[in-house]
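# Geometric and topological summary
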Amino acid sequence: MTYSPDAIRHVKVSTITLPLATPISDAKVFTGRQKPMTEVVFLFAEITTEEGHEGIGFSYSKRAGGPAQYAHASEVAEIMIGEDPNDIAKLYNKLLWAGASVGRSGVATQALAVLDIALYDLKAKRAGLPLAKFLGSHRDSVRTYNTSGGFLNASIEEVKERAARSIAEGIGGIKIKVGLPDSAQDLRRVAAVREHIGPDVPLMVDANQQWDRPTALRMGRKLEEFDLTWIEEPLDAYDAEGHAALAAALDTPIATGEMLASVGEHERLIATRACDIIQPDAPRIGGITSFLRLATLADQAGLDLAPHFAMEIHLHLAAAYPREPWVEHFDWLDPLFNEQLETSDGRMLVPERLGLGITLSDQARAWTTGTVEFGRR
């Protein structure tokens, strides 16, 4: 049996605005740095080949950047037409060079992520495998924790109720937001949730970069009594040295990395031992090609993994990580897809559907605000 070359004949790039039922606030809102989040802007790519194989990928932006991602992807996607979709590394480099004047991080790579992810989805489907199996999975389910119920706009009673509901739905851990100007209020919220869920349920907190170094150390020491699974983003995302000092000083593990927008920025975290748990976001760092490169470095450094957001993508990537990881459960994206991920006994199950195992819903199509197409259908 010999390999039969294929070629990309059609690429569709779309921007979709997902409205949130309730405005969302974390510590960045309470410190005056951002406004409440009312929507999430998604960038989708759909790729079709001459042989009829299809792939889908997505990226996203919160509060700002969605139109920029859409504009950049729309400028460079056409160069994929006629190329072999199996040559993902070659295509990724070609896309990078097409947009070289705007660099290799941030909006530039976030725009390319949708195309890269769609190529992996297509290739896994062509192989007749779920993406996790195509990459080489270590497990068929991944530990999962809920974040969407723990935001600061919710009262502590609401947070407790949502935590209990998440646990009943088979989600294994609970993460709540902290970083309020009044640190005593943070401690009261953590204490209330720990008492409510009991000592055996994993509990994480996320300060969303809103503490300075002295506050982070002081709060970290006070939070030790709650036996947290980790403290997330206690400091500015780019303060690798500060995170390293904090990780060395505290027993509670430190997690960070979600806001970084390239593999190179994560390499600095690894080199300085700035965290115990690294939290890359595949859409933010350029897609699966970049994520796999980073995952190799993180594993070599002995770091645990907890990818940020986008569980539809990260479940597969986490399942292929050698060390036991975590996946963040968000129900916000449910209306976008016809399929839903399942949770049981504290774990998220890798679907048996091919590729990513997702298709866009009619509602997602209705929320589409812009589309550009290249090639022929």
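Residues numbered from 1 in each chain as written. Predicted model: local features only at pLDDT ≥ 70, side-chain atom pairs only at ≥ 80, totals over all residues. Heavy atoms only, no water.

### Observations concerning the nonpolar core
Let me state the cut-off plainly: Residue types Ala, Val, Leu, Ile, Met, Phe, Trp, Tyr and Cys, when buried and joined through side-chain atoms within 4.5 Å, form a set referred to as a nonpolar core. Burial classes: relative accessible area under 20% of the type maximum marks a residue as buried, over 50% as exposed, and values in between as partly exposed (1.4 Å probe, protein chains only). Helix and strand assignments come from DSSP, with helices taken as H or I runs of at least 4 residues and strands as E runs of at least 2, each series counted from the N terminus. As used throughout, domain bounds are those supplied by an automatic or database domain assignment. Contacts: residue pairs with any heavy atoms within 4.5 Å of one another.
One finds Phe42, Phe44, Phe58, Met80, Trp332 and Leu336 to be the most contacted residues of the largest nonpolar core, which totals 69 residues. When residues in this core are grouped by element, the largest group, eleven residues, is from helix α4 (residues 107-127). Looking at which domains feed residues into this core, each of domain 1 (8-128 + 361-375) and domain 2 (132-349) supplies at least three. In contact with tryptophan 332, other than residues within four places in its own chain, are Leu18, Leu20, Ile24, Met37, Val40, Lys62, Ser148, Phe151 and Phe309. By size, the runner-up hydrophobic cluster in this structure holds 26 residues, among which are Ala163, Val178, Leu228 and Leu235.

### Let's talk about the pairing of strand β5 (residues 173-177)
As a reminder, the rule being used: Strands pair, by our definition, only if DSSP identifies at least two bridges between them.
The buried count for β5 comes to five of five residues, which makes it a mostly enclosed element. Residues Gly173, Lys175 and Lys177 of β5 are buried on one face, and the alternating residues Ile174 and Ile176, pointing to the opposite face, are buried as well. Across two bridges, strand β4 (residues 141-146) lies against β5 in parallel orientation. Among the inter-strand pairings, asparagine 146 is bridged to a residue of β5, identified as isoleucine 174.

### Focus: the domain arrangement of the protein chain
To keep things clear, this is the line we draw: A quick way to say it: buried area is the sum, across both parts, of accessible area lost when two parts are put together, with a 1.4 Å probe. Each reported salt bridge corresponds to a side-chain nitrogen of Lys or Arg within 4 Å of a carboxyl oxygen of Asp or Glu. Polar contact is defined as a pair of N or O atoms within 3.5 Å, subject to the rule that within protein one atom must be able to donate a hydrogen and the other to accept it, and that residues adjacent in sequence are counted only when both atoms are side-chain atoms.
According to the domain assignment, the protein chain contains domain 1 (8-128 + 361-375) and domain 2 (132-349). Computed from C-alpha coordinates alone, the two centres of domain 1 and domain 2 are separated by 24 Å. Domain 1 puts 41 residues into the contact, and the matching count from domain 2 is 38 residues. Between domain 1 and domain 2, the buried area comes to about 3100 Å², and carbon and sulfur atoms account for 69% of it. A per-residue breakdown of the area domain 1 buries against domain 2 is headed by Phe58, Tyr60 and Tyr120, which together make up 19% of the total. Applying the counting criterion to the domain 1 and domain 2 interface returns zero salt bridges. Applying the counting rule to domain 1 against domain 2 returns 15 residue pairs in polar contact (both at pLDDT 80 or more). Breaking the side of domain 1 that touches domain 2 down by element, the ones donating at least two residues are β1 (8-24), α1 (27-30), β2 (37-49), β3 (54-62), α3 (88-98), α4 and α14 (362-366).

### What about helix α7 (residues 183-197)?
Going by this rule: Between the first and last residue of a helix there are one fewer steps than residues, each counted as 1.5 Å, and that sum is the expected span.
The first and last C-alpha atoms of α7 sit 21 Å apart over 15 residues, in line with the 21 Å expected at 1.5 Å per residue. Of the positions making up α7, those classed as buried are Asp186, Leu187, Arg189, Val190, Ala192, Val193, Arg194 and Ile197. Those residues of α7 that are buried are in contact with α6 (156-168), β5, β6 (203-206) and α8 (213-223). A side-chain oxygen of the first residue of α7 lies 3.1 Å from the backbone nitrogen of alanine 184; this N-cap is aspartate 182.

### Focus on the pattern of salt bridges
Within the structure shown, the criterion is met by 24 salt bridges. Note that arginine 165 is salt-bridged to glutamate 161, the shortest N-O span being 2.5 Å. With arginine 165 and glutamate 161 both in helix α6 and four residues apart, the pair spans about one turn of that helix. A relative accessible area of 42% places arginine 165 in the partly exposed class. Note on glutamate 161: relative accessible area 40%, which makes it partly exposed. One salt bridge connects glutamate 267 with arginine 293, and the closest N-O pair in it is separated by 3.4 Å. A residue pair is termed long-range when its members are at least 10 positions apart, and glutamate 267 in helix α10 (residues 263-271) and arginine 293 in helix α12 (residues 288-300) qualify at 26 residues. Given a relative accessible area of 32%, glutamate 267 falls into the partly exposed group. Among the charged side chains, a network of salt bridges with common partners joins Lys175, Lys177, Asp206, Glu232 and Glu328.

### Notes on α8
Owing to its 3.6 residues per turn, the α-helix brings residues three or four apart onto one side. So the rule is basically this: The arc refers to the directions leading from the helix axis to the C-beta atoms.
Among all positions of α8, only Thr215, Ala216, Met219, Gly220 and Leu223 are buried. Projected down its long axis, α8 shows its buried positions confined to an angular sector of 130 degrees, all on one face. Exposed and facing more than 90 degrees away from the buried side of α8 are Pro214 and Arg221. Tucked into the core, α8 has its buried residues touching α7, β6, β7 (230-232) and α9 (240-249).

### A look at the sheet that holds β3
What counts is decided by this rule: Note on geometry: axes are C-alpha line fits, over the in-contact stretch for helices, and angles between N-to-C directions span 0 to 180 degrees.
Read across the sheet, four strands follow the order β3-β2-β1-β14 without closing on themselves; strand pairing throughout is antiparallel. Both outer strands of the open sheet, β3 and β14 (368-375), are each paired with one neighbouring strand and no more. For this sheet, the mean inter-axis angle between neighbouring strands, taken without regard to orientation, is 15 degrees. Judged from the seven bridges that link them, β1 and β14 form a sheet pairing that is antiparallel. Opposite valine 13, over in β14, you have valine 372 as the bridge partner. In this fold α4 packs onto β1, β2 and β3, with an angle of close to 150 degrees to the strand it touches most, β3.

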